[in-house]
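# A structural walkthrough
Okay, here's what each chain looks like letter by letter:
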Amino acid sequence: MTTPARPVPPDAVRGVPASGPRLQGVDVARALALLGMIATHVADVPEAVDWSDPSTWAAVAHGRSSSLFAVLAGVSIGLTSGRTQPPGPPLIGHVRARLAIRALAVVGIGLLLMALDTPVYVILPTYGALFLLAVPVLRVRARWLLVLAGACAVASPVVALAVAPLYADAGMWEVQLGLVYPVVTFLAYVLVGLAVARAGGLGPRCRFPGDAPAASGPTRWGEARITQAALLASGTLVAVGAYVVGNALAPVPADAAWLSFPGVPYAPDGSTPAQALAQEFLSPRDHSSSIVDVVGTAGVAVAVTALCCLLVDGRGRTVRRVAFPLVAVGAMPLSVYAFHLVVIALLPEYPQSAAAWGWFAIGSVLFAMTWRAFLGRGPLERLLARLTDLVPLTR
C-alpha cells in the first residue's frame, strides 16, 4: 500500500521535497472555493437549484464550495509532501510532525473564530482534524487512497446517522464540531485530493529528482494538459453519473430545504423503509452526507481543480497576470477565510444579500493582492510556517 522509500532530492525547498513548479491553477480553484463559501454565508443564496430558474443557480455553491476546499486540502498536502514521490524515513517523520503541528494550529484558529459567535458554521476545526487524519497515509499509493476514500463515502451516511443523536441538545458551538462538517464525509474529500496529487494529475511530472526546472517547458506542460483534461473529463463523468443516479432513485423531497440539517441524511415523514433507505444513502441533496452527495461533490471538485490548472498553469505571463487576483486569494486561504469572519463579527447586522457578497469578494481580492504584492505570504500562513519550522527538516 505504501510508496517505496527514496532519497531526498537535492532540489528540496525548505527541506520539503520539490518536484515541479507551483501550480497556480490550484490557487485559483482554492479562491473559487473560498468565494463560494463566503457566498453561502452572506449572499442569501437560495437553498436549492431549480435549473429552470436562473435566480437559483447560485445554490450550486452549497456543499460544493466546502467539498472543493477539502479536496484542495488533500491536494496541498500531497504537493507539499513530495507530490508523486513522498520521501521515505527519516524525512517522512519530520513531514508528518510538521503536518500535525499545522493541524493543531488550524484547529486552534478555528476555535478562536468560533468564539466570535457569528451565525457561520466554521469549517476550520474539522479541517485541522482532517490534516491529522492524513498524517498516517502520506506514503499510501494513489489507488489505495481512492479505495479508502470510497470506503469513507460508503460509511458517510451510516456514521452521520449514528452520531446525530449525540447532538440532540447541542447548540451552535457544538454542532460545528463534527455534525455540520462530518469528519468521515470530509475525509473522503481529502483522500481524493491527496490521490490526485500523488497520481501527478495536475502538473508536469519530474522523471528524476533534479529536473524540476525543466518541468516548466512546453513538452512537459503538453503532457500535463493531457492528464488535466483526463481528470476534468473523469470528474465530470463521475459527478454527472452520481447526480443522475441520485435524482432517479432518491429525488430531493420538497420539504428538505426547511426540515433537513447540514451534514445529516434526511427522509421525510411518511417515507416507506425503501424510500428512507434511498434518501439516506443516495440523496443528491447538498450536505446530505449520502454516497451520491460525497461522490458527486468530489467529482465536481476534481473537475473544477483540473479545469483551473488546465486554463492557468503553463500558459504564459499574460494569463498569470489575469489570474493574479484569484491566485492571491487562493495563496492565503486561511487569512482570507478568517478575515471575512472577523468582518462579519464587526458588522452591526449580519449581511445577507448579493451586494454584500460582492463587497466581501472585492475586499478579499484587494486585501490578498495588496498583501501578496508587498509582503508575500499571508499573515496566518506566515504564522503557520513559523510554527511548522519548529520541526526542522534534515536531509
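Structure shown above.
These numbers come from a predicted model, not from an experiment.

With that settled, the discussion passes to the overall build of the protein chain. When helices and strands are counted, the protein chain shows 15 helices and 0 strands. Computed over the C-alpha atoms, the radius of gyration of the protein chain is 21 Å, within 12% of the 21 Å expected from 2.2 N^0.38 for a compact globule of 395 residues. Considering only C-alpha atoms, the protein chain reaches an extent of 65 × 45 × 40 Å along its principal axes. Looking at the protein chain residue by residue over its 395 residues, the buried ones come to 51%. The long-range fraction of contacts in the protein chain, counting pairs at least 24 apart against all pairs at least 6 apart in sequence, stands at 80%. Looking at the protein chain as shown, the accessible area adds up to about 17400 Å², and 68% of this sits on carbon and sulfur atoms. Across the protein chain, the mean location of the 27 positive side-chain charges is 22 Å away from that of the 20 negative side-chain charges.

What follows deals with the pattern of salt bridges. Here the idea is simple: oppositely charged side chains can pair when their charged atoms come close. One pass over the full model with this rule turns up 3 salt bridges. The shortest N-O distance in the salt bridge between Asp27 and Arg30 comes to 2.9 Å. Here Asp27 and its partner Arg30 are both found in helix H1 (residues 24-42), 3 residues apart, which amounts to about one turn of the helix. Across the salt bridge formed by Arg64 and Asp286, the nearest N and O atoms sit 3.1 Å from each other. Here Arg64 is found in helix H2 (residues 61-79), whereas its partner Asp286 is found in the loop between helix H10 (273-282) and helix H11 (291-312), with 222 residues between them in sequence. Across this residue pair, the class does not change: Arg64 and Asp286 are buried.

On to the packing of helix H4 (residues 124-134) against helix H7 (residues 183-199), then. Two elements in contact, H4 and H7, have axes separated by 10 Å at closest approach and are oriented at 60°. Our classification of the angle between H4 and H7 gives oblique. Every pair of crossing elements has a handedness; the one defined by H4 and H7 is right-handed. On H7, the residues that touch Thr126, Leu130, Leu133 and Ala134 of H4 are Val183, Phe186, Leu187 and Val190.

The next subject is unusual backbone geometry. In this chain, Pro89 is followed by Pro90 through a cis amide linkage whose omega measures 0°. Here Pro90 lies in the loop between H2 and helix H3 (91-114). Although it is not a glycine, Arg83 sits at a positive phi angle of roughly 55°. When you line up the elements, Arg83 lands in the loop between H2 and H3. Given the relative accessible area of 11%, Arg83 is considered buried. For His287, which is not glycine, the phi torsion reads 60° and is therefore positive. Here His287 lies in the loop between H10 and H11.

Turning to the state of the cysteines, a few remarks are in order. Under the definition given, this model contains 0 disulfides. Between Cys309, a free cysteine, and Cys308, which holds the nearest cysteine sulfur, the sulfur-to-sulfur gap is 6.9 Å.

This part covers the packing of aromatic side chains. According to the stated counting rule, one finds 8 aromatic pairs in the structure shown. Consider the rings of Phe367 and Trp371, whose centres lie 6.0 Å apart with planes at 45°: the pair is tilted. Placement of the pair is Phe367 and Trp371 together in helix H14 (residues 354-375), with a separation of 4 residues, close to one helical turn. Using a relative accessible area of 22% as the deciding quantity, one classes Phe367 as partly exposed. Cluster of aromatic residues (ring-pair linked, three or more members): Phe69, Tyr127, Phe131 and Tyr337.

At a minimum axis distance of 8 Å, the contact between helix H5 (residues 142-163) and H7 shows a crossing angle of 165°. With respect to H7, the axis of H5 lies roughly antiparallel. Crossing of H5 over H7 shows left-handed handedness. Packed against H5, whose contacting residues are Ala142, Leu145, Leu146, Leu148, Ala149, Cys152, Ala153, Ala155, Ser156 and Val159, the element H7 presents Val184, Thr185, Leu187, Ala188, Leu191, Val192, Leu194, Ala195, Arg198 and Ala199 at the interface. Of the residues belonging to the contact of H5 with H7, the class tally is 17 nonpolar, 2 polar and 1 charged.

With that settled, consider helix H15 (residues 379-388). Residue pairs three or four apart in sequence face the same way in an α-helix, which turns once every 3.6 residues. Glu381, Leu384, Ala385 and Thr388 are the residues of H15 that are buried. An end-on view of H15 places all buried positions within 105° of arc, on one side of the element. Of the surrounding secondary structure, the elements contacted by the buried residues of H15 are H3, helix H12 (317-331) and helix H13 (333-346).

Parameters and conventions
- Residues numbered from 1 in each chain as written.
- Predicted model: local features only at pLDDT ≥ 70, side-chain atom pairs only at ≥ 80, totals over all residues.
- Heavy atoms only, no water.
- Helix = DSSP H or I, 4+ residues; strand = E, 2+ residues; numbered from the N terminus.
- Rg over C-alpha atoms; globule rule 2.2 N^0.38 Å.
- Buried < 20%, exposed > 50% of the residue type's maximum accessible area, 1.4 Å probe, protein only.
- Contact = heavy atoms within 4.5 Å.
- Areas by Shrake-Rupley, 256 points an atom, 1.4 Å probe, with all protein chains shown as cover.
- Lys, Arg positive; Asp, Glu negative; His and termini not counted.
- Charge placed at Lys NZ, Arg CZ, Asp CG, Glu CD.
- Salt bridge = Lys/Arg side-chain N within 4 Å of Asp/Glu carboxyl O.
- Axes fitted to C-alpha atoms, helices over the stretch in contact; angles between N-to-C directions.
- Parallel < 35°, antiparallel > 145°, perpendicular 65-115°, else oblique.
- Left-handed = near helix turned anticlockwise from the far one by under 90°.
- Disulfide = S-S within 2.5 Å.
- Phe/Tyr/Trp six-rings, centres within 6.5 Å; stacked < 30°, edge-to-face > 60°.
- Nonpolar A, V, L, I, M, F, W, Y, C, P; charged D, E, K, R; others polar.
- Arc of directions from axis to C-beta.

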